[in-house]
Amino acid sequence: MSLWETGRGAGGRAGSRRTRSDGLLVIDHGAPLLNITASPSPALLDPLLEGGWLSPWSAPVAMLEGESRLNIGRADALGMGRLFRGNDGMDQLSQGLLHLAGDARIEQHYGTFVRSLERSPEGPWRLLAADGTLLTEADWLVLTGTLLAHPRSQLLLGWQEVPLARVAAGLADLQLDHVLACLAGIRFEARTNLMMVFEPHQADIWRALPFALVNFDASAQQRWGLRRLTIQSLADGRCSVVAHSSAAFAADHLDVVGSRSAAARLLPHPPEEGREEQVIAALREAVRQCLAPWLADLDLQAASSQLMRWGAAFPLAPGLPSELMFCPQSRLGLCGDFIAGPGFGRIEGALRSAELLAEQLWQAAPKSLA
Ligand SMILES: Cc1cc2nc3c(=O)[nH]c(=O)nc-3n(C[C@H](O)[C@H](O)[C@H](O)COP(=O)(O)OP(=O)(O)OC[C@H]3O[C@@H](n4cnc5c(N)ncnc54)[C@H](O)[C@@H]3O)c2cc1C
């Protein structure tokens with residue numbers, strides 16, 4: 001069994017940014033938490049908690065309503081139900097999953113972008129890199145993201161065709177054709193996230209705030225261009241503050257991906273010079289102004305700042321019906337938060353869909369999973 005991931009490590013949108021030169025710097029630049037809203041919980045939840053990969057979230061959560069009304073304890077869809085966080089970074093969720101699967105049984109390849117797919121009706125799946133190099137061959141393929149199967153890759157990356165659609169054209173699998181048609185109808189919301197790191201002497205004022213995570217209601221999002229702020233304490237007294245933009249702000253600044261993100265390497269054209277600094281400055285100013293009632297004279301210039309743009313941060317409903325996620329004729333499975341069902345668009349949905357797919361794969365191809 002092999003895993004191919006373009007990021008430097010496992011985690012995806014529930015990953016953490018880490019820096020080789022600064023081992024204590026861990027920033028959850030995507031999802032800061034995981035919330036379970038439906039019952040029963042995903043079967044993987046308890047083993048992840050027991051293994052110490054996750055723990056219950058206990059920090060105060062609030063909602064910013066309108067311009068500056070703070071409602072402590074109010075949650076929206078991303079904060080309802082039972083809340084959990086990764087222990088020492090959200091990427092520990094994925095590390096825990098790999099551990100539970102038996103890391104040694106999985107050949108793990110990071111920093112490797114799968115650019116195209118090939119398959120003949122009888123042959124194996126073939127995964128290829130951007131330069132056409134064969135990465136691997138496999139009997140079964142599980143896609144946990146939509147990039148290779150959704151037309152946004154044409155718009156975003158200038159590709160001529162959707163890689164999975166190209167393969168499907170030669171397979172005569174009606175279910176796969178249906179999958180591609182449904183996926184093509186899914187729209188995504190983007191997010192542009194600003195990450196700031198504060199030294200210990202600057203971090204105290206952040207930790208003294210009455211919340212560690214604040215969501216913005218619809219009118220606050222419109223007013224500030226922000227959707228969320230999270231304050232993450234680091235082991236050495238520093239803290240990071242991550243400001244998630246609103247969907248509208250991200251849509252207006254889609255050309256700026258963040259020069260240190262994996263997506264930057266894939267783009268056909270580099271962004272216009274100075275654009276990233278402009279976006280950072282705009283988000284910084286929004287943070288400064290919206291927090292003014294609690295943090296007067298906030299100086300954000302001194303904080304080191306980075307940008308991360310999530311082009312497909314959240315799939316919008318209805319998603320891919322779960323009856324279609326397993327395509328036995330093509331020996332293909334799909335899982336992730338884009339599968340319709342409880343937890344859709346969140347980690348909960350990604351976990352539930354993976355469990356559902358695993359059961360079906362196990363029935364159909366026990367040897368491939370053993
Ligand atoms: C800013 C932000 C805030 C969020 N907040 C929350 C929250 O509070 N609670 C919550 O539950 N959820 C939240 N989410 C959503 C949550 O992160 C996702 O639902 C979840 O991570 C989806 O997991 P996944 O495995 O389906 O997809 P992903 O995490 O996207 O994983 C897919 C992986 O496939 C890799 N990949 C894709 N294509 C290729 C390719 N061609 N070659 C190699 N690798 C490839 C990607 O790099 C990625 O690592 C948030 C998301 C964002 C962006």
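All values derive from a computational prediction rather than experimental measurement. (Residues numbered from 1 in each chain as written. Predicted model: local features only at pLDDT ≥ 70, side-chain atom pairs only at ≥ 80, totals over all residues. Heavy atoms only, no water.)

Focus: the sheet that holds strand S14 (residues 188-198)
Phase 1: The sheet built from seven strands is open, its strands ordered S7-S6-S15-S16-S17-S14-S18 with mixed pairing. Two strands close off the open sheet at either side, each with one partner strand: strand S7 (69-72) and strand S18 (304-315). Neighbour to neighbour, the strand axes of the sheet diverge by 20 degrees on average, direction disregarded.
Phase 2: Pairing of strand S6 (residues 61-65) with S7 involves four bridges; the strand directions are antiparallel. Its bridge partner being in S7, Met-63 is matched across the sheet by Asn-71. (Pairing = 2+ DSSP bridges. Helix = DSSP H or I, 4+ residues; strand = E, 2+ residues; numbered from the N terminus. Axes fitted to C-alpha atoms, helices over the stretch in contact; angles between N-to-C directions.)

Quick look at the environment of Val-242
Phase 1: Looking at where Val-242 falls in the secondary structure, it is placed in strand S17 (residues 239-245).
Phase 2: Val-242 sits 51 residues away from Pro-293 along the chain, and the two C-alpha atoms are 19 Å apart.

A closer look at the site of the ligand
Phase 1: In the neighbourhood of the ligand, 30 residues make up the surrounding shell, with Glu-5, Arg-13, Val-114, Arg-228 and Asp-337 lying closest.
Phase 2: Take Arg-13: an N or O atom from its side chain is 2.8 Å from an oxygen atom of the ligand.
Phase 3: At a separation of 2.9 Å, an oxygen atom of the ligand approaches a polar backbone atom of Ile-347.
Phase 4: In isolation the ligand offers 990 Å² of accessible surface; the protein chains occlude 88% of this area.
Phase 5: Every element with two or more residues in the shell around the ligand is listed here: S18 and helix H10 (347-364).
Phase 6: Looking at which element gives the most residues to the shell around the ligand, the answer is S18, with three residues.
Phase 7: When we break the shell around the ligand down by domain, the ones giving at least three residues each are domain 1 (2-97 + 188-315) and domain 2 (113-145 + 147-185 + 317-369). (Near = heavy atom within 4 Å. Polar contact = N/O pair within 3.5 Å; in protein donor to acceptor, adjacent residues only side chain to side chain. Areas by Shrake-Rupley, 256 points an atom, 1.4 Å probe, with all protein chains shown as cover. Domains from an automatic or database assignment.)

Describing the packing of aromatic side chains
Phase 1: Enumeration over the complete set of coordinates arrives at three aromatic pairs.
Phase 2: An angle of 40 degrees between the planes, with centres 5.1 Å apart, marks the rings of Phe-198 and Trp-206 as tilted.
Phase 3: Using a relative accessible area of 1% as the deciding quantity, one classes Trp-206 as buried.
Phase 4: Across the ring face of Trp-159, the terminal group of Arg-115 is positioned such that the distance to the ring centre comes to 3.8 Å.
Phase 5: The lysine or arginine in question, Arg-152, covers the ring of Phe-188, its NZ or CZ lying 4.7 Å from the ring centre. (Phe/Tyr/Trp six-rings, centres within 6.5 Å; stacked < 30°, edge-to-face > 60°. Buried < 20%, exposed > 50% of the residue type's maximum accessible area, 1.4 Å probe, protein only. Lys NZ or Arg CZ within 6 Å of the ring centre and 35° of its normal.)

A word on the pairing of strand S3 (residues 22-27)
Phase 1: The sheet contact formed by strand S2 (residues 17-19) and S3 spans three bridges and is antiparallel. Across the sheet, residue Thr-19 finds its bridge partner in S3, namely Asp-22.
Phase 2: A loop of two residues connects S2 with S3, the two strands running antiparallel in sequence.

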